[in-house]
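Tertiary structure, described
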Amino acid sequence: MTVSGSLFCTKVLTTLSLDALVFIDLKNIRYCCGFTGTDGAYIFTPQVDYFLSDSRYLEQSRQEVSASSHICYQNKFDEIVKTLSDLGFKRVGFEADTLSVSQLQELTKRSKKQFEWVAVTDDIRPLRSLKTSTELDLLQQAADLNAAAYYEIEHLIKPGVSEKKIAFELEYALRRLGGEDRAFDFIVASGPRGAMPHGVASQRLIESGDFVTIDFGTRVEGYHSDETITLGVGEVDHDLRQVFDIVLKAHDLAMAAAAPGVILADLDAVARDHIKSAGYGDYFGHGLGHGVGLDIHEYPAVSGRCFDQLQEGMVITIEPGIYLPDRGGVRIEDTIVITDCGNRALTKIPKKYRALA
Ligand code: ZN
Ligand code: ZN
């Protein structure tokens, strides 16, 4: 466990009067002790931490995991309960966002009321939000791969080429350059399909006069990149071209405003108010952005409903958009890290308007 992770978890234990925290979320487990496998558990106490897995992961965990104790189980929930019982604990926290109702019932049944299970929600969500320099380095590497792969395939963005072809070539380039996997199903939305904020690549062929929105990313050692560009192909309709400028301005205003101490809802409002004042408020239906790290979407949400403050070390996206039914859309997205006095963009593809011939 990193020093900052350990301090964070210790604070959660103190705040909620807990004896231990049980993790089953694989990204949290990876963060806490380095395990990259697909099944396991992790128990945190300030004195000792435990990593639990089945025999398939014995060798892997020996190589990867930093925890004071490794336990091999036949049944995960039996072993979690046994470990906690042996320690004589009274109150044990679990990740309420991850543990299912039936899993909680299993744990409760097996622990026979020896201790109380406490659902932890808001207190645990920020666990991974402040990135270390090592994490920032990996996020930067992933963002750099985005730019390198994009410039390799940019020549394909032209009339007659399908959205799927662009998505595939982009994914291939990212993998070939060293990315682990695609971060999500790439969005390549051209022409009227740009009106769908999550229009995954289709067989539609790009036409002259289209806007093409491409939202893509990869992973380096588990850490994601996330970036969206919108560009024109040929001469784009005047109204849509203006929509681009409105979205870009909203993006630039939010990029200029993101700094430590800023309330996330206020940052969302910076971009949203600009889009509203231009008359397109009804066509920007999603939040301004999200945290990025081991998960492509993680705490904090950059939305009107999140009143937490930005802190130095947080990595978030800024991604305003306008989506006009039957006509098309524009989204522009960068991933940034909050610094001591402002922010720095990790993603590097320029976002100003460009039209490819
Ligand atoms: Zn994205
Ligand atoms: Zn995003």
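Cut-offs and rules
- Residues numbered from 1 in each chain as written.
- Chains lettered and ligands numbered in written order.
- Predicted model: local features only at pLDDT ≥ 70, side-chain atom pairs only at ≥ 80, totals over all residues.
- Heavy atoms only, no water.
- Helix = DSSP H or I, 4+ residues; strand = E, 2+ residues; numbered from the N terminus.
- Rg over C-alpha atoms; globule rule 2.2 N^0.38 Å.
- Buried < 20%, exposed > 50% of the residue type's maximum accessible area, 1.4 Å probe, protein only.
- Contact = heavy atoms within 4.5 Å.
- Areas by Shrake-Rupley, 256 points an atom, 1.4 Å probe, with all protein chains shown as cover.
- Lys, Arg positive; Asp, Glu negative; His and termini not counted.
- Charge placed at Lys NZ, Arg CZ, Asp CG, Glu CD.
- Polar contact = N/O pair within 3.5 Å; in protein donor to acceptor, adjacent residues only side chain to side chain.
- Donors = N, O, S within 2.8 Å, 3.2 Å for Na, K, Ca; no water.
- Tetrahedral: all angles 85-135°; square planar, octahedral: opposite > 155°, others 65-115°.
- Core = buried A, V, L, I, M, F, W, Y, C linked by side-chain atoms within 4.5 Å.
- Pairing = 2+ DSSP bridges.
- Axes fitted to C-alpha atoms, helices over the stretch in contact; angles between N-to-C directions.

1. Remarks on the overall build of the protein chain
Counting secondary structure elements, the protein chain contains nine helices and 19 strands. Over its C-alpha trace the protein chain gives a radius of gyration of 23 Å, about what one expects of a compact globule, namely 21 Å for 357 residues. C-alpha extents for the protein chain along the principal axes are approximately 70 × 40 × 35 Å. Counting all 357 residues of the protein chain, 55% fall into the buried class. A sequence separation of at least 24 residues applies to 66% of the contacts in the protein chain between residues at least 6 apart. Entry remark: accessible area of the protein chain is about 15600 Å², with carbon and sulfur atoms responsible for 51%. Charged side chains in the protein chain number 37 positive and 51 negative. The centres of these two groups are separated by 3 Å.

2. Quick look at the environment of Arg176
Looking at the element boundaries, Arg176 is found in helix H7 (residues 163–176). For the pair Arg176 and Phe307, spaced 131 residues apart in sequence, the C-alpha to C-alpha distance is 40 Å. A polar contact of 2.9 Å, which involves the side chain of Arg176, links it to the side chain of Glu152.

3. Here's the deal with the coordination of the zinc ion (ligand 2)
Protein coordination at the zinc ion (ligand 2): the donors are Asp226 (OD), His290 (NE2), Glu319 (OE) and Glu333 (OE), at 2.1 Å from the metal. Each of the four donor atoms around the zinc ion (ligand 2) contributes to a set of angles spanning 78 to 153 degrees, which defines the coordination as irregular. Read from N- to C-terminus, the donor residues coordinating the zinc ion (ligand 2) fall into the pattern D-x63-H-x28-E-x13-E. If you look at the zinc ion (ligand 2) and the zinc ion (ligand 1), they sit 3.1 Å from each other and are both ligated by Asp226. Of this pair, His290 sits in strand E12 (residues 289–291) while Glu333 sits in the loop between strand E16 (328–331) and strand E17 (334–338); the two residues are 43 residues apart in sequence, bridging distant segments of the chain. Both residues of the pair, His290 and Glu333, count as buried.

4. A few points about unusual backbone geometry
Looking along the chain, the bond that leaves Tyr299 and enters Pro300 is cis, with omega of 0 degrees. Counting through the fold element by element, Pro300 comes out in strand E13 (residues 298–302). Within the chain, Lys112 stands out as a residue other than glycine whose phi angle is a positive 45 degrees. The phi dihedral of Lys113 is positive, around 60 degrees, even though this residue is not glycine.

5. Some remarks on the nonpolar core
Core analysis: the biggest nonpolar cluster contains 61 residues, and Leu21, Phe23, Ile157 and Ile214 have the highest contact counts within it. Counting residues per element, this core draws most heavily on helix H6 (residues 133–153), which supplies ten residues. Residues contacting Ile214, with those up to four places away along its chain left out, are Ile157, Ile166, Leu170, Ile187, Val188, Glu227, Thr228 and Ile229. Counting 33 residues, the second largest nonpolar core, distinct from the first, contains Val247, Leu324, Val330 and Tyr353.

6. Quick notes on the coordination of the zinc ion (ligand 1)
Taken together, Asp215 (OD), Asp215 (OD), Asp226 (OD) and Glu333 (OE) make up the full set of protein donors to the zinc ion (ligand 1), lying 2.0 to 2.6 Å away. Coordination at the zinc ion (ligand 1) comes from four donor atoms whose angles at the metal span 55 to 151 degrees, giving a geometry best classed as irregular. Sequence spacing among the residues donating to the zinc ion (ligand 1) works out to D-x10-D-x106-E. Classification of Asp215 as buried rests on a relative accessible area of 5%. Judged by relative accessible area, which is 3%, Asp226 ranks as buried.

7. Thoughts on the pairing of strand E7 (residues 187–190)
Of the two faces of E7, the one carrying Ile187 and Ala189 and the one carrying Val188 and Ser190 are both buried. Sheet analysis places E7 next to strand E8 (residues 211–216), joined by four bridges and oriented antiparallel. By the bridge assignment for E8, Val188 is matched with Ile214.

8. Here's the deal with the sheet that holds strand E2 (residues 41–44)
Pairing is mixed across the open sheet formed by six strands, whose spatial order is E4-E3-E2-E1-E5-E6. Of all the strands in the sheet, the pair left with one neighbour each is strand E4 (69–72) and strand E6 (116–120). Sheet twist, expressed as the average angle between the axes of neighbouring strands with direction ignored, equals 25 degrees. One ladder, built from four bridges, connects strand E3 (residues 49–53) with E4; its direction is parallel. Residue Leu52 lies in a different strand from E4, and its bridge partner there is Ile71. On top of the sheet, helix H1 (residues 3–15) reaches strand E1 (20–23), E2 and E6; it is set at about 120 degrees to E1, its chief contact.

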